[in-house]
Amino acid sequence: MKNILIIGATGQIGSELTMKLRKEYPAGNVVCGYIKGAEPKGALLESGPAEEVDITSPQMIADAVEKYNIDTIYNLAALLSAVAESRPQLAWKIGVGGLYNCLEVSREKGCALFTPSSIGSFGETTPHIKTPQDTIQRPDTIYGVTKVTGEMLSDYYARRFGVDTRSVRFPGLISYVAPPGGGTTDYAVDIYYSAVKGEKFKCPLKPGTFMDMMYMPDALRAAVEIMEADPSRLKHRNSFNIASMSFDPEIISAKIKEYVPGFEMEYELDPLRQAIADSWPDSLDDTCAREEWDWKPQYDLDSMTEDMLKNLRIKFGIAEPAMA
Ligand code: AKB
C-alpha cells in the first residue's frame, strides 16, 4: 500500500494532485505537506492528514516520512520561471537544495520520488520543433538550470543508490482551480479568466510564440501514471517529454472567440517572459513516454477550452453569453 507525502501540496499542481491521490488511494495515506504561510484550507485540509514540511529542512522531511511511514514522495516545491529570475538564489535553494534533501531522505528511508521537470529545461540551442527526448539541454534561465540539475541528480541517485526517481517534463499547465504564480506560460490561464469576466486580455507574449501546454487533468494523470509504471519497461527516468497541444496567443485567442464571441485581446509585451518563451521549444516529441509507459493525453485545445470556460463560469457564478 502506498503512503504518500506531497511537498508543496498547496500550490498550483499540489492542491489538485493531493485531492486526486486521495481519491485513488485511502485518503488517510496521502499527506498534504505545506509551508508556513501556505496552510491548506477547505477540502484539502479536511480530506486527509496535513503536516508542515519545508523542503529546505531535511529534518522536517525525514520526520514526516517517519511519522506517516511514507514510501512515495511527490516533490512539487519550486519557483516558476519568471519569478525565479528575480530570486535566483532562492530558486536554487528550493529547486536543487530542496531536491537534494528529498533524495537523501529517499535514499535513507527507501522512498520513491517524483520531481517534475519542465519544458524550461531546454534552451536556445535545443531543436525547437518536436524537441527530442534526448537532446541539448543548455537552458538560459535559473529555473531551467535547476531543472536540468534536478534531472541529472535524480538519475544519479537512481543509478548509484537505487532510489526509484521518476519525472516528466511538464508543459505550461492550464487549470481553473488554483492559479499559477510567476510562470512564463501563465498567460494561457489568465486569458480564460479575462474571457469569462468579459475583460479585454492584455497578452504579454507576441503572436507566433508557440509553446507546449497541457490541461491539468492530463498532467495529474501523467504524474500518477509514471509513478505506477512498470520499472522494467523504463529506459528513461528523469525526465520524460510529455505533450498534448502547442499553440501561440493568436490560436488560443481565436479558439476562445468561438465560445465567447465578444472576447478581445491586445498585446502588452513583457520582455522577460518573451525572452524566456523564445528560448523554449515550440513543441515536444513525447514518443518515449508513449512507448515506455503508454502515456496518452485526453484533452486538446477544443475540449480544454470548453471545460475551462464552463468551470470558470461556475466558479464565478457568471452566465454563459448568448451566441449571435
Ligand atoms: C513556467 O512557465 O515557468 C512553468 C513551466 C513551463 O515550467 N509553467
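Since the structure is predicted, the reported quantities are computational estimates derived from the model, not experimental observations.

Q: What is the right way to look at the packing of helix H7 (residues 187-197) against helix H12 (residues 301-316) in this model?
A: Running from N to C, H7 and H12 point in directions that differ by 55°, and their axes come no closer than 10 Å. Put simply, H7 runs oblique to H12. Seen from above, H7 lies across H12 with right-handed handedness. Only Leu-301, Met-304, Thr-305, Met-308, Leu-309, Leu-312, Arg-313, Lys-315 and Phe-316 of H12 make contact with H7, whose side of the interface consists of Tyr-192, Tyr-193, Ala-195, Val-196 and Lys-197.

Q: I would appreciate a short explanation of the packing of aromatic side chains in the present structure.
A: The description of an aromatic ring pair uses the distance of the two centres, along with the angle that the planes make with each other. Counted by the stated rule, this structure contains nine aromatic pairs. Their ring planes at 90° and their centres at 6.2 Å tell us that Tyr-156 and Phe-161 sit as a pair that is edge-to-face. Under the relative-accessibility criterion, Tyr-156 is labelled partly exposed at 36%. An angle of 40° between the planes, with centres 6.0 Å apart, marks the rings of Trp-293 and Trp-295 as tilted. Residues Trp-293 and Trp-295 agree in their burial class; the two are buried. Above the face of the Phe-316 ring, Lys-197 is positioned so that its terminal group lies 4.7 Å from the ring centre.

Q: Explanation requested: the domain arrangement of the chain in the structure shown.
A: Interface extent is often summarised as the accessible area lost during association of the parts. Taken domain by domain, the chain holds domain 1 (4-171 + 215-241) and domain 2 (172-213 + 243-287 + 298-316). Taking only C-alpha atoms into account, the centre of domain 1 sits 24 Å from that of domain 2. Contacts between the two partners involve 34 residues from domain 1, matched on the other side by 37 residues from domain 2. The interface formed by domain 1 and domain 2 holds zero salt bridges in total. At the junction of domain 1 and domain 2, the tally comes to 19 residue pairs in polar contact (both at pLDDT 80 or more). Of all elements in the fold, only helix H1 (14-24), helix H4 (81-86), strand S8 (168-170) and helix H8 (216-228) reach the threshold of two or more residues within the side of domain 1 that touches domain 2. Counting residues per element, the side of domain 1 that touches domain 2 draws most heavily on H8, at five residues. Of the residues belonging to the side of domain 1 that touches domain 2, the class tally is 15 nonpolar, eleven polar and eight charged.

Q: Honestly, the sheet that holds S8 in this entry has me stumped. Any pointers?
A: Strand order in the open sheet formed by three strands is S6-S8-S12, and the pairing between neighbours is parallel. On the outer flanks of this sheet lie strand S6 (117-118) and strand S12 (240-241), each paired with one strand and no other. For S8 and S12, the ladder comprises two bridges, and the chain directions are parallel. If you follow Arg-169 over to S12, its bridge partner there is Asn-241.

Q: Is there a simple way to explain the sheet that holds strand S5 (residues 112-114) in this structure?
A: Think of a sheet as strands paired side by side through backbone hydrogen bonds, with each pair either parallel or antiparallel. Ordered by their spatial adjacency, six strands build an open sheet running S3-S2-S1-S4-S5-S7, and the pairing between neighbours is parallel. With one partner strand each, in any of the chains shown, strand S3 (50-52) and strand S7 (165-166) form the two edges of the open sheet. Sheet topology note: the strand S1 (residues 4-7)/strand S4 (residues 72-75) ladder contains four bridges and is parallel. For Leu-5, the partnering residue across the bridge sits in S4 and is Ile-73.

Q: What am I meant to see in helix H6 (residues 142-161) here?
A: One turn of the α-helix equals 3.6 residues, which is why residues spaced by three or four share an orientation. With 20 residues, H6 should reach 28 Å at 1.5 Å per residue; the first-to-last C-alpha distance of 27 Å fits that figure. Of the positions making up H6, those classed as buried are Ile-142, Tyr-143, Gly-144, Thr-146, Lys-147, Val-148, Gly-150, Glu-151, Ser-154, Tyr-157 and Ala-158. Its buried side turned inward, H6 meets H4, helix H5 (88-109), S6, S7 and S8. A positive backbone phi angle near 70° is found at Gly-162, which sits one or two residues after H6.

Q: Please explain the side chain of Ser-283 as it appears in this structure.
A: As for its position among the elements, Ser-283 is in the loop between helix H10 (271-279) and helix H11 (287-293). A distance of 2.9 Å separates the side chain of Ser-283 from the backbone nitrogen of Lys-130, its partner in a polar contact. Residue contacts for Ser-283: discarding those within four places in its chain leaves His-128, Ile-129, Lys-130, Thr-131, Asp-212 and Ser-246.

Q: Just checking my understanding: could you explain the side chain of Thr-184 for this structure?
A: Among the structural elements, Thr-184 can be located in the loop between strand S9 (172-174) and H7. At 2.7 Å, the side chain of Thr-184 forms a polar contact with the side chain of Ser-81. When sequence neighbours within four positions are dropped, the list of residues in contact with Thr-184 reads Ser-81, Ala-82, Leu-205, Met-211, Arg-273, Ile-276, Ala-277 and Trp-280.

Q: Explanation requested: the site of the ligand in the structure shown.
A: Neighbouring the ligand are Leu-80, Ser-81, Ser-118, Ile-119, Tyr-143, Gly-183, Thr-184, Thr-185 and Trp-280. One nitrogen or oxygen atom from the side chain of Tyr-143 is found 2.6 Å from an oxygen atom belonging to the ligand. For the ligand, an oxygen atom lies 2.7 Å from a polar atom in the backbone of Thr-184. Relative to its free-state accessible area of 250 Å², the ligand is covered by the protein chains to the extent of 94%. The class makeup of the residues in the shell around the ligand is four nonpolar, five polar and no charged. In this structure, the shell around the ligand is formed jointly by two domains, domain 1 (4-171 + 215-241) and domain 2 (172-213 + 243-287 + 298-316), each of which donates at least three residues.

Thresholds applied
Residues numbered from 1 in each chain as written. Predicted model: local features only at pLDDT ≥ 70, side-chain atom pairs only at ≥ 80, totals over all residues. Heavy atoms only, no water. Axes fitted to C-alpha atoms, helices over the stretch in contact; angles between N-to-C directions. Helix = DSSP H or I, 4+ residues; strand = E, 2+ residues; numbered from the N terminus. Parallel < 35°, antiparallel > 145°, perpendicular 65-115°, else oblique. Left-handed = near helix turned anticlockwise from the far one by under 90°. Contact = heavy atoms within 4.5 Å. Phe/Tyr/Trp six-rings, centres within 6.5 Å; stacked < 30°, edge-to-face > 60°. Buried < 20%, exposed > 50% of the residue type's maximum accessible area, 1.4 Å probe, protein only. Lys NZ or Arg CZ within 6 Å of the ring centre and 35° of its normal. Domains from an automatic or database assignment. Salt bridge = Lys/Arg side-chain N within 4 Å of Asp/Glu carboxyl O. Polar contact = N/O pair within 3.5 Å; in protein donor to acceptor, adjacent residues only side chain to side chain. Nonpolar A, V, L, I, M, F, W, Y, C, P; charged D, E, K, R; others polar. Pairing = 2+ DSSP bridges. Expected span 1.5 Å × (residues − 1). Near = heavy atom within 4 Å. Areas by Shrake-Rupley, 256 points an atom, 1.4 Å probe, with all protein chains shown as cover.

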